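These are the residues of each chain, in order.
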Amino acid sequence: MTWSAQQYSQFEAERTRPVRDLVAAIPNTQVQTAIDLGCGPGNSTEVLQARYPGAAVTGLDNDEDMLRAARERLPQTPFALADIGNWQAAPAVDVILANASLQWLPDHARLYPQLLQQLRAGGSLAVQTPDNLQEPAHVLAREVAAQGPWASRIGAVRHPDRHNLDWYYALLQPLCSRVDAWRTTYMHPLANHEAVVEWFKGSALRPFLAQLDAQEKTQYLADYLAAIRQAYSALPSGTVLLPFPRIFIVATR
């Protein structure tokens, strides 16, 4: 799968709000080095730099289009292509930020402790992941995939497994001096039902659309839009308030 920085950034204000809340909760005050793991188009990196203006901040991502956008946004900041699932710090760093990136990777029981090991003593791992696999937008994506003429190819597509907040807390608590964890449901105001589809075209729908040709993509999105209209009510103005639950974790070694 490839990403589209332009598609993803259509809703930059809404997508950036959670990372502001996450970065504000990082307890470290003296930070020399920080990594934005899965930096996307650089909006999260910009928030991290604003919090730690004196730190050496680096953004890592596995998509060239996202990195291109990030470099245009922050030309003085180093960005690099990397497999964030197997990244190793050399040397250890003070802060690792992973905003809406780790949900794309499997085996969190291995991944999260591995990331903690890349921190200096007292450093923090700050993670935000969507917690919405059972929300209508995701359920309908799977249903449309399983019911259409493309079912043999994408009917079994699934996002990597995620876990509830208790699971992450139990995993990290024995490894850390402090774990701060919470869950928030944002109500993102989107212009209409079409905007809901555009939102998920930039993220959750990517594994389904990647395996369809142009005509099939058009039909899939039309079927998905019809289902979204049934699942989400609109205000008299046409605005749709999209509920979007997210998990936040700040784990300090």
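Digging into the overall build of the chain
Here's step 1: Looking only at helices and strands, one finds 11 helices and seven strands in the chain.
Here's step 2: Dimensions of the chain, computed from the C-alpha atoms along their principal axes, are close to 50 × 40 × 40 Å.
Here's step 3: Taken over 253 residues, the chain has a buried fraction of 54%.
Here's step 4: In the chain, the proportion of contacts linking residues at least 24 apart, taken out of those at least 6 apart, comes to 78%.
Here's step 5: A distance of 2 Å separates the average location of the 21 positive side-chain charges in the chain from that of its 24 negative side-chain charges.

Notes on the pattern of salt bridges
Here's step 1: Applying the stated criterion across every chain yields a total of 10 salt bridges.
Here's step 2: Residue Arg68 is joined to Glu72 by a salt bridge in which the shortest nitrogen-to-oxygen separation is 3.2 Å. Here Arg68 pairs with Glu72, and both are found in helix α4 (residues 64–73), just four residues apart, close to one helical turn.
Here's step 3: Where Glu216 meets Arg153, a salt bridge forms, and the shortest distance between an N and an O atom there is 2.4 Å. Pair noted here: Glu216 is in helix α11 (residues 214–231) and Arg153 is in helix α7 (residues 151–154), with a separation of 63 residues, a long-range link.
Here's step 4: We classify Arg153 as partly exposed; its relative accessible area is 38%.
Here's step 5: Salt bridges linked by common partners bring Glu12, Glu46 and Arg73 together as one network.

Points about the nonpolar core
Here's step 1: Formed by 30 residues in total, the largest nonpolar core has its most connected members in Ile154, Phe200, Leu205, Tyr220, Tyr224, Ile228 and Leu242.
Here's step 2: At six residues, the largest contribution of residues to this core is made by α11.
Here's step 3: Setting aside chain neighbours within four positions, we find Leu205 in contact with Ala141, Val197, Phe200, Tyr220, Leu221 and Tyr224.

Things to note about the side chain of Gln118
Here's step 1: Looking at where Gln118 falls in the secondary structure, it is placed in the loop between α5 (108–116) and β5 (119–130).
Here's step 2: For Gln118, a relative accessible area of 6% translates into the label buried.
Here's step 3: At 3.4 Å, the side chain of Gln118 forms a polar contact with the side chain of Gln88.
Here's step 4: Not counting residues up to four positions away in its chain, the partners in contact with Gln118 are Trp87, Gln88, Ala89, Ala92, Val93 and Ile96.

Points about the packing of helix α9 (residues 193–201) against α11
Here's step 1: Close contact between α9 and α11 brings their axes to 9 Å; oriented N to C, the two are set at 125°. Relative to α11, α9 is oriented oblique. Crossing hand, α9 versus α11: right-handed. Of the residues in α11, those in contact with His193, Glu194, Val196, Val197, Phe200 and Lys201 of α9 are Leu221, Tyr224, Leu225, Ile228 and Arg229.
Here's step 2: The class makeup of the residues in the contact of α9 with α11 is seven nonpolar, one polar and three charged.

Reading the values: rules and limits
- All residue numbers refer to positions counted from 1 along the written sequence of the respective chain.
- Residues qualify for local features only when their pLDDT is at least 70, as the model is predicted, and side-chain atom pairs are given and counted only at 80 or more; totals for whole chains, interfaces and linings, by contrast, use all residues.
- Neither water nor hydrogens contribute to the side-chain values; these are computed over all heavy atoms in the structure.
- Helix and strand assignments follow DSSP, with helices taken as H or I runs no shorter than four residues and strands as E runs no shorter than two, numbered in order from the N terminus.
- Relative accessibility decides the category of a residue: with a 1.4 Å probe and only protein chains considered, values under 20% of the type maximum give buried, values over 50% give exposed, and everything between is partly exposed.
- We call two residues in contact whenever any of their non-hydrogen atoms come within 4.5 Å of each other.
- Charge assignment: positive for Lys and Arg, negative for Asp and Glu; neither His nor the chain ends contribute.
- To locate a charge, take NZ of a lysine, CZ of an arginine, CG of an aspartate or CD of a glutamate.
- Here a salt bridge means any side-chain nitrogen of Lys or Arg lying within 4 Å of a carboxyl oxygen belonging to Asp or Glu.
- The set of buried Ala, Val, Leu, Ile, Met, Phe, Trp, Tyr and Cys residues whose side-chain atoms join them within 4.5 Å is what this entry labels a nonpolar core.
- Residues adjacent in sequence count toward polar contacts only when both atoms are side-chain atoms; beyond that, a polar contact is any pair of N or O atoms within 3.5 Å, and within protein one must be able to donate a hydrogen and the other to accept it.
- Here an axis means a line fitted to C-alpha atoms, over the contact stretch when the element is a helix, while the angle between two N-to-C directions is reported on a 0 to 180 degree scale.
- Oblique is the label for any angle not covered by the other classes, which are roughly parallel (under 35 degrees), roughly antiparallel (over 145) and roughly perpendicular (65 to 115).
- Crossings are assigned a handedness: left-handed for a near helix turned anticlockwise from the far helix by less than a right angle, right-handed for a clockwise turn.
- Under the convention adopted here, Pro, Cys and the residues Ala, Val, Leu, Ile, Met, Phe, Trp and Tyr are nonpolar, Asp, Glu, Lys and Arg are charged, and Gly plus all remaining residues are polar.

In short, shape yes, function no, at least from these values alone.
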